[in-house]
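Understanding the architecture of this molecule
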Amino acid sequence: MTGSLSADVASARPAPTRDFDGLYKALLEAHPREALHLLCGARLDGLAVVLDGPTEQPRQRSRQRDKVFLVQRDDGIPADIYHVEVQVQRTEDFQERMVAYWAALALKYRRAEHRIHQVVLWPLGGGFPGRFRRDQARLDYRSVNVPDDLDPGTLLASPLAPLALWSQKPPPDLAERVADRIAATGALEEQLVQIELGMLVGGSLAAQVLDALRRRGMNDVLEQTESGREIARKNREQGLEQGLEQGRVDGMRALLRATYGELADLDDLARRLADRDHDGNIARIVAGATLAELRS
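Note that this is a predicted model, so its numbers are computed, not measured. (Residues numbered from 1 in each chain as written. Predicted model: local features only at pLDDT ≥ 70, side-chain atom pairs only at ≥ 80, totals over all residues. Heavy atoms only, no water.)

**Description of the overall build of the protein**
Each helix and strand in the protein was counted, giving 13 helices and seven strands. Scored against the burial criterion, the 296 residues of the protein give a buried share of 43%. For the protein, long-range pairs separated by at least 24 residues make up 57% of all intrachain contacts whose partners lie at least 6 apart in sequence. For the protein, the computed accessible surface area is about 15,900 Å², with 48% contributed by carbon and sulfur atoms. (Helix = DSSP H or I, 4+ residues; strand = E, 2+ residues; numbered from the N terminus. Buried < 20%, exposed > 50% of the residue type's maximum accessible area, 1.4 Å probe, protein only. Contact = heavy atoms within 4.5 Å. Areas by Shrake-Rupley, 256 points an atom, 1.4 Å probe, with all protein chains shown as cover.)

In structure tokens:
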């Protein structure tokens, strides 16, 4: 990775919505207990947590719930069902979809002891308040605005540390502490998810996290992330362009020297002629233009 990596991140465009969705899901799957406790307020008390599989038909996948976790009793029967939805921005039909999700879960888990909890995570904040009313129907769910509702110190002490990057009240050493948590993560796949999620914050904060990770000797991991590969590609293209530009300057210098001999301003003149109109200036030199004409 080159030294321009941080600058490239700082100038990157905002990440697509789907990146938040997929990376949050991956983080939830990798750390379900921490996610349920910190994001959903669940009290697990040593109970087993199981990820529920997809329940919709393939043609209905666009309406599939994000993640459903089952908290099982000692006898293996689910007691609490946690439906976790990741939503970056409000949509007109979102709350109606939450009602439909609840109804589908209620049909699947019909025992009296089954308790369904719905939690919506808003990575950028600005979510619905968690209350839906229409006619005689009502639905309450937990709405978590990540920048406002979560304690950054608690997040930074957990595998969910990258979420603290959006906190409205971040600690001064935020980037360093996020990098520490990522570096301490044992599994490579989890590190990649944490890094990609951290890059979604964008701007100078993402650049600070990258710099901190590089100082911790994680270049080899960074190069395996989608963000790292994109930055490397841009750097390669930039290097190729710079190489072509330097080649034009070198050719112009050689032609000037062969035609006019050694000049005090040879390097400067060669660069100016190559930058302004490379092909046109070569033609002028071949046609016998004077140095005064070339310098004007």
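**Observations concerning the packing of aromatic side chains**
Counted under the stated rule, the structure contains four aromatic pairs. Their ring planes at 65° and their centres at 5.3 Å tell us that Phe94 and Trp122 sit as a pair that is edge-to-face. Taken together, the residues span a long stretch of sequence, with Phe94 in helix 4 (residues 94-108) and Trp122 in strand 4 (residues 115-122) at a distance of 28 residues. We note that Phe94, like Trp122, is buried. With 6.1 Å between their ring centres and 10° between their planes, Phe94 and Phe128 make a pair best called stacked. With a gap of 34 residues between them, Phe94 in helix 4 and Phe128 in the loop between strand 4 and strand 5 (131-134) connect regions that are remote in the sequence. (Phe/Tyr/Trp six-rings, centres within 6.5 Å; stacked < 30°, edge-to-face > 60°.)

**Remarks on the environment of Ser167**
Looking at the element boundaries, Ser167 is found in the loop between helix 6 (152-156) and helix 7 (174-184). Each C-alpha atom of the pair Ser167 and Leu155 lies 9.9 Å from the other, and the pair is 12 residues apart in sequence. Every residue in contact with Ser167, bar those within four places of it in the chain, is listed here: Pro147 and Pro152. At a separation of 3.1 Å, a polar atom in the side chain of Ser167 contacts the main-chain amide nitrogen of Lys169. (Polar contact = N/O pair within 3.5 Å; in protein donor to acceptor, adjacent residues only side chain to side chain.)

**Considerations on helix 4**
Along its 15 residues, helix 4 runs 21 Å from first to last C-alpha, staying within 8% of the 21 Å computed at 1.5 Å per residue. Three or more residues of helix 4 are buried, namely Phe94, Gln95, Arg97, Met98, Tyr101 and Leu105. Each buried residue of helix 4 sits inside an arc of 150° when the element is viewed along its axis, so together they form one side. (Expected span 1.5 Å × (residues − 1). Arc of directions from axis to C-beta.)

**A short note on the pattern of salt bridges**
If you walk through the whole model with that rule in mind, you get 20 salt bridges. A salt bridge links Arg216 to Glu176; the shortest N-O distance between them is 2.8 Å. You can see Arg216 sitting in the loop between helix 9 (203-215) and helix 10 (219-222) and its partner Glu176 sitting in helix 7, a full 40 residues away along the chain. Residue Glu176 is classed as partly exposed on the basis of its relative accessible area of 28%. Measuring nitrogen to oxygen at the nearest pair gives 3.2 Å for the salt bridge that ties Arg272 to Asp268. (Salt bridge = Lys/Arg side-chain N within 4 Å of Asp/Glu carboxyl O.)

The values are spatial; any link to function lies outside them.
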